[in-house]
Structures are given as structure tokens and as C-alpha cells.
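Chains, contacts and geometry: an overview
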Amino acid sequence: MKTKLLFSLISVLILSSCSNSDSNSAQQNLSDGIPTVYMPLTNGNYWNYDVQQVTTGAANTPVGIDHLFISNDTLISGTTYKKMKTTAVPIGFFSNTLRNNGVRISGSSLLTTGAFNLAFPGLATPIQIDLNNFSFFKENASADTEISSTTGTLHQTITSGGTSYPLDIDYTLRSVAQETLPSYLSNGITYPNVKKTRLILNLKISTSSTGITATLLSDQTVLTLDEYFAKNIGNVYTNTFFHYAINSSIASQFGIPPTISLTEEEFLTTYNIN
């Protein structure tokens, strides 16, 4: 039960168009031909996902169902996007990354504008990253090609023994094209024409006090999402891995688990494409 509660906390991964945190979204060449059809964006389209937690050496644990849908058009800085909604706070990482977010098609890319938030153990507020036309999918990208990237530094405080310590949180969020598959089997269904994309979040967390800087979390990949997009359908499967490891004495001082490794799967069950 503790693992489920912690996993639910970590998976609060929300995109909101009202963030003010610092970020630097990489410029992309988006004038690349025919618009992608790997996630049709029409009002009323929806995707339902069966979310399961994976435990090594045991059967998957069902967690719940996410309902992701396109509610309406929305203007962001004068550009029209599709507003992504969910009927409740979603469990799965993929639905969380699009909830309350604007998404649009530009050439072969799917772009999102909003804020990426990750609840991290020990931090009072989520790690929040602004996104501006961040490309999370590009149909014509070659395998192992970086599609989009944003880096920056955020500032928070953490309290230990009644003393507050300032934190510098350095982040890099990247999307990288993976392989193209003629077909992919997921949840008993074979989908033709599938393209895989990987979303990667790296973090480094340090603190300074009386002129001395200490590293709480060394630079490491803490979150990886492997997303499988089927032609004319959208995302049909996501595998998410969350992991970090820090010095046990530092973890004890700040009341943070020294290491966590969690895996989640999201299987498309039903969908509607207008």
C-alpha cells in the first residue's frame, strides 16, 4: 500500500498552461511537409487507458482507468491548440503529461505548450518546467534523433531539523525518436504502423549553505517514458520508469527514501476518433 501511495504521489505529472517557471525550449524546424496523423486532433476524440503498476517477479497490479479527451479549441499566444482534458486526476504518466495542456500539429510534429510538473519525494512543491511548443512526437524523425529539448534551473527550499536549505534544481527534458515498427502487439491487439518516442528527464539537485555547496542528487535520469503511437489512432501504449539513487546519509537527514525504482504501464483499451 505504501508503494502504491508513493507511486501515486510521484505520478502527479501535469501539464498546465498557467506556469511561470523558467525554461528554454529548443527551436525546431517544423516546416517539414504533410501534417502527422499519428494523433488525430479533433474535438471529441478520446482515449481510455488501463493503468497498471509493474512489480518485478510478480503479476501487474491494476491501478485504474484514465480517460483522456479533446474538449475544445484554445488560444495560446494567438495560436490555436486543442485543449486536452481528463474526467478526473489521471493515474498514468501519459494522461498526466497532456492534462489541461494545449496540443497542436505542425508538420510531422505534435507540439505541446504548458508546464511539466513532477512531484519528487522530499520536495514541498512539484518540480515545474515550462514548455513552449515542445515536440513530444515527430513522424519523420530518424531513430535516436533528438526531437526537442529544454534545460534550466529551478529554485526551492527544503527543511531539515528546523533549518531551511535553498535548492538549485537543474533539469533537462528531452524527447528522442525511437524505432518504427510495422506492427506492435499491446493488450492483445495488433496495431500496424507504430512509431516509438522516448521522453527523458534528467535532474541534479544541490544546496548551498555558508559558502559550501553539497549535491543532494547527482546528475541522473530520473524519469523515462516510452510511448508507442499508432497511425490514425494515437498513443496505444506507454511504459514509464521512475528511478533515483542518493547518498543514504543525506537521504536520512532530509527524510527522503535513498532510492526508488517504479515502473508503470498504460494500455489503450477503447478510443474514439472523429
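Note that the coordinates shown come from a computational prediction; the quantities given were computed from them, not determined experimentally.

Here the focus is the overall build of the chain. On a plain count of helices and strands, the chain comes out with three helices and 13 strands. Restricting the contact set of the chain to residue pairs at least 6 apart, pairs at least 24 apart contribute 62%.

With that out of the way, let us pick up the packing of aromatic side chains. The full count for this structure, using the stated rule, is 13 aromatic pairs. Pairing Phe94 with Phe229 gives two aromatic rings, centres 6.3 Å apart and planes at 75°, and the pair type is edge-to-face. Here Phe229 lies in strand S11 (residues 212-230) and Phe94 lies in helix H2 (residues 93-98), a separation of 135 residues in the sequence. For Phe229, a relative accessible area of 0% translates into the label buried. Put simply, the rings of Tyr38, Tyr49, Phe94, Phe136, Phe137 and Phe229 touch in pairs and so form one group of aromatic residues.

Let's shift gears to unusual backbone geometry. A positive phi angle, close to 55°, is found at Asn133, a residue other than glycine. Inspection of the secondary structure puts Asn133 in strand S7 (residues 127-138). We note that Asn193 has phi near 55°; this positive angle belongs to a residue other than glycine. When you line up the elements, Asn193 lands in strand S10 (residues 189-209).

With that out of the way, let us pick up the confidence of the model for the chain. Should the pLDDT be low somewhere, the predicted coordinates at that spot are not to be read in detail. The share of residues in the chain with pLDDT of 70 or more is 86%, and the mean pLDDT across the chain is 86. Here strand S1 (residues 13-15) stands out as the element of the chain with the lowest mean pLDDT, 37, in contrast to strand S5 (residues 102-106), whose mean of 97 is the highest. Here residues 1-30 is modelled with pLDDT under 50, and outside its nearest four sequence neighbours on either side it reaches 92 contacts, counting other chains as well.

Let's shift gears to the pairing of strand S8 (residues 146-160). Of the strand pairs in this sheet, S8 and strand S9 (residues 163-186) are connected by 14 bridges, and their pairing is antiparallel. Within the sheet, the bridge partner assigned to Glu146 lies in S9 and is Val176. With antiparallel pairing between neighbouring strands as the criterion, S8 and S9 make up a hairpin whose turn holds two residues, including Gly161 at a positive phi of roughly 60°.

Following the sequence through the fold, Leu223 ends up in strand S11. Taking the C-alpha atoms as reference, Leu223 lies 6.5 Å from His243; in sequence the two are 20 residues apart.

Structurally, Pro258 can be placed in the loop between helix H3 (248-254) and strand S13 (259-272). A C-alpha to C-alpha distance of 9.9 Å links Pro258 and Leu217, two positions 41 residues apart in sequence. With sequence-adjacent residues up to four places away left out, Pro258 is seen in contact with Tyr244, Ala245, Ile246, Ser248 and Ala251.

Rules used throughout
Residues numbered from 1 in each chain as written. Predicted model: local features only at pLDDT ≥ 70, side-chain atom pairs only at ≥ 80, totals over all residues. Heavy atoms only, no water. Helix = DSSP H or I, 4+ residues; strand = E, 2+ residues; numbered from the N terminus. Contact = heavy atoms within 4.5 Å. Phe/Tyr/Trp six-rings, centres within 6.5 Å; stacked < 30°, edge-to-face > 60°. Buried < 20%, exposed > 50% of the residue type's maximum accessible area, 1.4 Å probe, protein only. pLDDT = per-residue confidence, 0-100. Pairing = 2+ DSSP bridges.

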